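# Chains, contacts and geometry: an overview
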Amino acid sequence: MAIGLWLPVGSRDEVAGHYGSTHFLEHLAFKGTARRSALDIAEQFDAVGAEANAATAKESTCFYVRVLDTAGPAALDLLVDMVTGAQLDPAEFELERGVILEELAMNQDDPSDVAHEAFAEAVYGSHPLARPIGGYVADIKAVPRAAVWEHYQRHYRPDNLIVTAAGSLEHQAFADMVSQALDQGGWSQAARGTASAAERRSTAPQVALPTAGVTRHLDRATEQAQVLVGCLGLMATDPRRHALALLGSILGGGMSSRLFQQIREKRGLAYSTYCFASGHADAGSFGLYAACTPAAAGQVLELMEAEWAALAADGVTEAELTRAKGQLAGGTVLGLEDPLSRMNRLGRAEILMGELPSVDELLARIEAVTADDVQLLAAELAARPRSIVTLGPAA
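Cut-offs used in this document
Residues numbered from 1 in each chain as written. Predicted model: local features only at pLDDT ≥ 70, side-chain atom pairs only at ≥ 80, totals over all residues. Heavy atoms only, no water. Helix = DSSP H or I, 4+ residues; strand = E, 2+ residues; numbered from the N terminus. Buried < 20%, exposed > 50% of the residue type's maximum accessible area, 1.4 Å probe, protein only. Polar contact = N/O pair within 3.5 Å; in protein donor to acceptor, adjacent residues only side chain to side chain. Pairing = 2+ DSSP bridges. Axes fitted to C-alpha atoms, helices over the stretch in contact; angles between N-to-C directions. Contact = heavy atoms within 4.5 Å. Salt bridge = Lys/Arg side-chain N within 4 Å of Asp/Glu carboxyl O.

### A closer look at the environment of Asp159
Relative to the helices and strands, Asp159 resides in the loop between helix 7 (145–155) and strand 4 (162–166). Since its relative accessible area comes to 29%, Asp159 is described here as partly exposed. It is 5.4 Å that separates the C-alpha atoms of Asp159 and Ala198, two residues lying 39 residues apart in sequence. A distance of 2.6 Å separates polar atoms of two side chains, one belonging to Asp159 and the other to Arg157.

Spelled out as structure tokens, the structure:
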């Protein structure tokens, strides 16, 4: 089975003086509780063969484990203890500060990561979604334990907790197991009370379209240039999100996509090129990416923009739409073969979407998208102010 403990708090929820706290907490939950030391946590996960980890996003944090069903109660008890009883030991806090700084340094050595972070900053501007999930180096160096503790106390509370699970389990038995673990962790039924769950984030659009795009070059002595172009996209709950997924597939989602064929197959200008999109409660982004020889960066950018413009102006063929629907449907169903994917789908549905359509309903929504839907959305996005980010040696 796969089990996840979710908090609807991410990097966008940090306030001045607390920047980096969400990612810090993800690490510190593994560093000891009143009942267990950091070594105890590590040994007890290993003793049952668990694959345990955590993930911080811009709008959520998840502590999760994949484990044999017979070890489910022990794994759940561990996760609940970590979330409800984190100590943020001062010595461990300073040690983990160094670990996080190493993680950020590793990310800085990945040109693609750096370019994508710069793209988010260009598209979202001053909005909190522009900030990197892990925090800036200066913030991690500066944030005090008291600020992270305050962030923990404010957000890690019973009405914010969401527990999801998938695999070899029975619902009521698992629900009883959760209640028992929460009682043991100090969030007893009395402490949890009868209050309803915290409200979901507002889905009212919060990021206004800019009057102009941003063009930015990051000078790096790399062998390849990173090229990104895009704009504000769709919110996660936008009903056109299925059309956006098909648009991304046709434009840059596989070996038959337009970007792959034009840039890689026909011209040999790049090994990697694709389309990407991210959706959040009140905003989203859409973009195109390629990595290529620095001398070819200008030509690759022109090709990317030309393919986007052609799709917006001329639309897609029925053959392209059929292939994209097949790709999206196949990926959706095959992804659900994995309990961890199912667990994540449940968490995202509860935190962000407010609904959990059946697989058949989801496939029907994909099938209902028309070629006109895709073209209209492509044209709308193409008309928005776009940002361009390049990374590589100076020209």
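### Some points on the sheet that holds strand 7 (residues 270–279)
Taking strand neighbours across the sheet as the criterion, the five strands line up as 5-9-6-8-7 in an open arrangement whose pairing is mixed. The sheet is open, and its two borders are formed by strand 5 (215–219) and strand 7, each paired with just one other strand. Averaged over all neighbouring strand pairs, the angle between strand axes comes to 15°, with direction disregarded. Bridge analysis of strand 5 against strand 9 (residues 387–392) gives five bridges, and the strand direction is parallel. Considered in strand 9, the bridge of Thr215 is made with Ile388.

### Describing the environment of Val369
Residue position: Val369 is located in the loop between helix 15 (359–368) and helix 16 (371–383). Given the relative accessible area of 8%, Val369 is considered buried. As for Val369 and Arg348, which are separated by 21 residues in sequence, their C-alpha atoms are 23 Å apart. Once residues lying within four places of it in the same chain are set aside, the contact partners of Val369 are His242, Ala243, Leu246, Leu321, Lys325 and Val374.

### Focus: unusual backbone geometry
Its identity is not glycine, yet Leu88 carries a phi of approximately 55°, on the positive side. Among the structural elements, Leu88 can be located in the loop between helix 3 (72–84) and helix 4 (90–108).

### Notes on the pattern of salt bridges
A complete count under the given rule lists 27 salt bridges for this structure. Glu361 is paired through a salt bridge with Arg365; the nearest N and O atoms lie 2.8 Å apart. With Glu361 and Arg365 both in helix 15 and four residues apart, this pair spans about one turn of that helix. Here Arg365 falls in the partly exposed class, since its relative accessible area comes to 22%. Notably, a salt bridge pairs Arg384 with Glu380, separated by 2.6 Å at the nearest N-O pair. Residue Glu380 is classed as partly exposed on the basis of its relative accessible area of 30%.

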